[in-house]
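# Analysis of the macromolecular model
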Amino acid sequence: IWVSVLLSSVGVGVCFGRLSGESCSNKKSPKILFSLSSAFCDSCAFSASAVFSICAYTVLFSAAAAVVGQLDSLKWLLPLLEITSGLSRLGRVPLPLLAAFVSFGGLSVQLQILWLGKSAYLNLKKIFFWRLVCAAFSAVICRLLLIIFPVSLPSIPAINAMVASGRGNILSSVCL
């Protein structure tokens, strides 16, 4: 799965990166003068903001996946919303499909990328499209790898394992 996602991402970036029409090599970055204390304070503040935002997106889309997960006909959409909780609720899937889901990352991850890259003026439509392209390539590459290296795997227990919060698991309850 890792190899197929890696090859897909690098391949799509190298092959289709030239379609953007922008060249990064001829842009000069401006010299920015800053103090070390200012940079340290700004990095701490941005890090805390980023962690909070990533957690907020994850919780929001996990809640949406829980609602969508009530309908059996829509359970295949769960990893498209939030990858971790979506895969854990989905259960066992073929490895090429799992590679595609992991490569796509879910809408939650894409919005996190959009938020973290807001200074780069990223576009959600482009992120979504290129993640779909990567997902398709990941599935194909994973399938080809399974033909070259045939394996028989049982369901992956880590994907199906969920930690229940409550009185029985105080540490996870406190963290939540």
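Residues numbered from 1 in each chain as written. Predicted model: local features only at pLDDT ≥ 70, side-chain atom pairs only at ≥ 80, totals over all residues. Heavy atoms only, no water.

To continue, consider the overall build of the chain. The secondary structure content of the chain amounts to 9 helices and 0 strands. Helices (α) and strands (β) of the chain occur, in sequence order from the N terminus, as α-α-α-α-α-α-α-α-α. Looking at the 176 residues of the chain, the share that counts as buried comes to 26%. Considering only intrachain contacts with a sequence separation of at least 6, the fraction spanning at least 24 residues in the chain is 64%. On the chain, roughly 12,400 Å² of surface is accessible, and the fraction owed to carbon and sulfur atoms is 71%. (Helix = DSSP H or I, 4+ residues; strand = E, 2+ residues; numbered from the N terminus. Buried < 20%, exposed > 50% of the residue type's maximum accessible area, 1.4 Å probe, protein only. Contact = heavy atoms within 4.5 Å. Areas by Shrake-Rupley, 256 points an atom, 1.4 Å probe, with all protein chains shown as cover.)

Mapped onto the elements of the fold, serine 103 is located in helix 5 (residues 95-104). Of the polar contacts made by the side chain of serine 103, one reaches the backbone oxygen of cysteine 134; its length is 3.3 Å. (Polar contact = N/O pair within 3.5 Å; in protein donor to acceptor, adjacent residues only side chain to side chain.)

With that settled, the discussion passes to helix 2 (residues 36-68). In a regular helix each residue adds 1.5 Å, so 33 residues correspond to 48 Å; helix 2 covers 47 Å between its end C-alpha atoms and thus fits that length. Those residues of helix 2 not exposed but buried are Ala50, Ser53, Phe61, Ser62 and Ala65. Buried positions along helix 2 lie against helix 3 (78-81), helix 4 (83-90) and helix 6 (106-116). (Expected span 1.5 Å × (residues − 1).)

Our next topic: a nonpolar patch on the surface. Residues Trp2, Val3, Leu6, Leu7, Val10 and Val14 make up a contiguous nonpolar surface patch of about 600 Å² in total accessible area. Counting through the fold element by element, valine 10 comes out in helix 1 (residues 2-16). (Patch = residues over 30% accessible without salt bridge, like charges linked within 9 Å, V, L, I, M, F, W, Y side chains within 5 Å. Salt bridge = Lys/Arg side-chain N within 4 Å of Asp/Glu carboxyl O.)

Attention now goes to the packing of helix 6 against helix 7 (residues 124-148). Two numbers describe how helix 6 lies on helix 7: the axes approach to 10 Å, and their chain directions differ by 135°. Judged by the angle between their axes, helix 6 and helix 7 are oblique. Between helix 6 and helix 7 lies a crossing whose hand is right-handed. Here Leu107, Gln110, Leu111, Ile113 and Leu114 of helix 6 lie close against helix 7, whose contacting residues are Leu124, Ile127, Phe128 and Arg131. (Axes fitted to C-alpha atoms, helices over the stretch in contact; angles between N-to-C directions. Parallel < 35°, antiparallel > 145°, perpendicular 65-115°, else oblique. Left-handed = near helix turned anticlockwise from the far one by under 90°.)

Moving on to the confidence of the model for the chain. If pLDDT is low for a region, its predicted coordinates should not be looked at in detail. Residue-level pLDDT values for the chain average 80, and 77% of them are 70 or greater. The model gives residues 155-166 a pLDDT under 50, and that stretch makes 20 contacts with residues more than four places away or in other chains. (pLDDT = per-residue confidence, 0-100.)

Counting across every chain of the model gives 3 aromatic pairs. Centroid distance phenylalanine 46 to tryptophan 115: 5.9 Å. Interplanar angle 5°. Geometry classified as stacked. With phenylalanine 46 in helix 2 and tryptophan 115 in helix 6, this pair connects stretches of sequence that are 69 residues apart. (Phe/Tyr/Trp six-rings, centres within 6.5 Å; stacked < 30°, edge-to-face > 60°.)

The next subject is the packing of helix 4 against helix 5. Their axes nearest at 10 Å, the elements helix 4 and helix 5 cross at an angle of 160°. With respect to their mutual orientation, helix 4 and helix 5 come out roughly antiparallel. Pair helix 4 / helix 5 crosses with right-handed handedness. Counting all contacts with helix 4, which are made through Ile83, Leu87 and Leu90, the residues of helix 5 involved are Leu98, Phe101 and Val102. Broken down by class, the residue content of the contact of helix 4 with helix 5 amounts to 6 nonpolar, no polar and no charged. (Nonpolar A, V, L, I, M, F, W, Y, C, P; charged D, E, K, R; others polar.)

Now for the side chain of serine 88. Topologically, serine 88 is positioned in helix 4. Serine 88 gets classed as buried once you look at its relative accessible area, which sits at 13%. A distance of 2.8 Å separates the side chain of serine 88 from the backbone oxygen of serine 85, its partner in a polar contact.

Time to look at the nonpolar core. Counting residues in hydrophobic clusters, the biggest one holds 10 residues: Ile83, Leu87, Leu90, Val93, Leu95, Leu98, Ala99, Phe101, Cys142 and Leu146. Looking at this core, the element that brings in the most residues is helix 5, giving 4 residues. The residues contacting leucine 146, other than those within four sequence positions of it, are Leu95, Pro96 and Val151. In terms of nonpolar packing, the next biggest core, distinct from the first, is built from 5 residues, Phe61, Leu78, Leu81 and Leu111 among them. (Core = buried A, V, L, I, M, F, W, Y, C linked by side-chain atoms within 4.5 Å.)

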